[in-house]
Amino acid sequence: MVGFGDFQPLCNWTPSYTWCNLFYRQLSDRSPGTLQGLSRESQSAPVGVNPQCGIPRVGHDGSISNIANIVACGVSFLVVAALIYLCHRRKAAVGRWELRTFLVIYLVTLPIQIVTNGSLLPQGSMGLVVLTAIHAGLVVALFWILLANAIVATQWVEDGTMASIAPLSIIALILFGGTLYISLDIALGVTQTIGGLSNPPESIRSIPLFVLTSIWPPVAAILYLAFMTYIVLHVLNETRPMWYYLLSTILFVLAQLAWFLLGRVICRGSNQKVDGSFIATLLETASVGMLFLAWRSITEETWDDGFDY
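Predicted model only: the values in this text are computed from it and were never measured.

1. Focus: the packing of aromatic side chains
- All chains considered together, the criterion is met by 7 aromatic pairs.
- Where Phe7 meets Phe210, the ring centres are 5.8 Å apart and the plane angle is 85 degrees; that geometry is what we call edge-to-face. Of this pair, Phe7 sits in the segment before α1 (8-13) while Phe210 sits in helix α7 (residues 207-235), and the two are 203 residues apart along the sequence. When sorted by exposure, Phe7 lands in the same class as Phe210, which is buried.
- Where Phe292 meets Trp295, the ring centres are 5.8 Å apart and the plane angle is 45 degrees; that geometry is what we call tilted. Remark: Trp295 and Phe292 occur in helix α9 (residues 277-299); sequence separation between them is 3 residues, near one turn of the helix.
- Residue Trp295 is classed as buried on the basis of its relative accessible area, which comes to 7%.
- Aromatic ring contacts, followed pair by pair, group Phe4, Phe7, Phe23 and Phe210 into a single cluster.
- In this structure, Arg90 is placed above the aromatic ring of Trp295, and the distance from its NZ or CZ to the ring centre is 5.6 Å.

2. Re the state of the cysteines
- All chains considered together, the criterion is met by 2 disulfides.
- Disulfide pairing is shown between Cys11 and Cys20; the S-S distance is 2.1 Å. Its torsion about the S-S bond being -105 degrees, the disulfide of Cys11 and Cys20 is classed as left-handed.
- Here Cys20 falls in the buried class, since its relative accessible area comes to 0%.
- Two residues, Cys53 and Cys267, share a disulfide whose sulfurs are 2.1 Å apart. What sets the handedness of the Cys53 and Cys267 disulfide is the S-S torsion sign, and at about -85 degrees it is left-handed. Within this pair, whereas Cys53 is found in the loop between α2 (20-30) and α3 (67-89), its partner Cys267 is found in helix α8 (residues 240-269), the two being separated by 214 residues in sequence. Of the two residues, Cys53 and Cys267, neither departs from the other in class, the shared state being buried.
- Cysteines bonded in the chain are numbered consecutively along the chain; their disulfide partners then correspond to 1-2, 3-4.
- Free cysteine: Cys73, not disulfide-bonded; nearest cysteine sulfur from Cys20 at 17 Å.

Cut-off values and rules
Residues numbered from 1 in each chain as written. Predicted model: local features only at pLDDT ≥ 70, side-chain atom pairs only at ≥ 80, totals over all residues. Heavy atoms only, no water. Phe/Tyr/Trp six-rings, centres within 6.5 Å; stacked < 30°, edge-to-face > 60°. Helix = DSSP H or I, 4+ residues; strand = E, 2+ residues; numbered from the N terminus. Buried < 20%, exposed > 50% of the residue type's maximum accessible area, 1.4 Å probe, protein only. Lys NZ or Arg CZ within 6 Å of the ring centre and 35° of its normal. Disulfide = S-S within 2.5 Å.

Put into structure tokens, the structure is as follows:
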């Protein structure tokens, strides 16, 4: 039976599922006998724990790493950097600082993602564990900042002021630090409380990490959409921006489907050369792009310098 918080199905069925890096280290230290098949040799093991299909580490079995997702992250980096520049130029727009913070954090996750699910570092290595923990913390903080953007859009607090920046930053740091600690504790087992070995070991279970990485992001996204739907349709009485938000939501959902449903199919079809992660990355970046267009659409009346992007 699969229990709430069990990562075994995700790490077994989903190629390049990033958070599995934390459990591989835990198992290799405390229950190495549970690592079988592709996960047996840490120097060549793909991302995952006993995955049914995975991209071997670069240099092993002819692997050139998760090259498709590396390229997707590189393209996404350039796109998001351009969005940050355009966001910075809209100096009169409401929520400019908050949206720019969201974009910057998403930008930072992209090069980290290259390492954490790119099959570049040996599984179980300290460098991979630390970067994965940082990656998890950034993702959790990212979705709080997404939700905070919607809260700021209600104008309960004035955007770009300390009343907005201080709570946004403090909560983001708390979420980042808490997730970082939980992630490192899972991998290294420092306290034996959060990161204690799962029973049975192969269930690789962590309710806190599961809630933070699997439950919190969609909940934050749904709340964001609910807030923005109210603001756009009832406060601003507009419809065009809503199409951008809906398209962004659709792209985000498609990204998750590509990751979890297409990943193994693509991995097997390509003979372990690529998986669905690159499609997910491109779709997620497209979703972020739609969020920017929606924001620009609801703030364009405040822009009066003649520029039209």
